[in-house]
Amino acid sequence: MPKFRFEFIEGMSQPAIFADMADRDEAVREAKRTAKEAMLDGIVEGVDPTSWVTKVYDEAGYLVATLGFQDLVWDTEELKETEEPGVLRSG
């Protein structure tokens, strides 16, 4: 199983986390989930998470994903999964 490195930059860099994941897609999903949790915790603590960034690297050290605040707030994949087909919603 490939190993991925997750770096969370929340104002200042946090220690990297290493985890075995099935593939790149699973690693990105896990990074989004974890970053969203951290972002919500930060908001509750009164911290502005808009500059936070999460980076995912593969086993060889190549950057495979960079997730910023906007990527987490406007996660279109998540919206597609929960949206009812054929229904338009006003904003």
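Check the entry above for the structure.
Quick notes on the rules
By convention here, each chain's residues receive numbers from 1 onward along its written sequence. Only residues with pLDDT of at least 70 get local features here, since the model is predicted, and only at 80 or more are side-chain atom pairs given and counted; chain-wide, interface and lining totals rely on the full set of residues. Only hydrogens and water are set aside; all other atoms, that is, all heavy atoms of the structure, feed into the side-chain values. In summary, the pairing rule links any two rings of Phe, Tyr or Trp, Trp by its six-membered ring, whose centres are within 6.5 Å, and it sorts them by plane angle into stacked for under 30 degrees, edge-to-face for over 60 and tilted for everything else. We call a charge positioned over a ring when the NZ of a Lys or the CZ of an Arg lies within 6 Å of the ring centre and within 35 degrees of the ring normal. Salt-bridge detection follows one rule: a side-chain nitrogen of Lys or Arg within 4 Å of a carboxyl oxygen of Asp or Glu. A 1.4 Å probe rolled over the protein chains alone gives each residue an accessible area, and that area as a share of the maximum for its type sets the label: buried under 20%, exposed over 50%, partly exposed in between. Helix and strand assignments come from DSSP, with helices taken as H or I runs of at least 4 residues and strands as E runs of at least 2, each series counted from the N terminus. Whether two residues are in contact is decided by their heavy atoms, any of which lying within 4.5 Å being enough.

Trainee: Requested: an account of the packing of aromatic side chains, with residues and values cited.
Mentor: What the rule picks out here adds up to zero aromatic pairs. We note R5 situated over the ring of Y57; from NZ or CZ to the ring centre the distance is 4.0 Å.

Trainee: Kindly report on the pattern of salt bridges, identifying the contributing residues and their values.
Mentor: The full count for this structure, using the stated rule, is five salt bridges. The salt bridge involving R5 is made with E7; its shortest N-O contact spans 3.1 Å. Residue classification places E7 among the partly exposed positions, given a relative accessible area of 23%. E37 is the salt-bridge partner of R33, the closest N and O atoms lying 2.6 Å from each other. With R33 and E37 both in helix α1 (residues 24-44) and four residues apart, this pair spans about one turn of that helix. With a relative accessible area of 42%, E37 lands in the partly exposed category. Bridged by salt links that share partners, the residues E30, R33 and E37 form one connected network.

Trainee: Provide a residue-level description of the environment of E10, including the pertinent values.
Mentor: Note that E10 resides in strand β1 (residues 3-10). Look past the residues within four positions of E10 in its chain and what remains in contact with it is A38 and W52.

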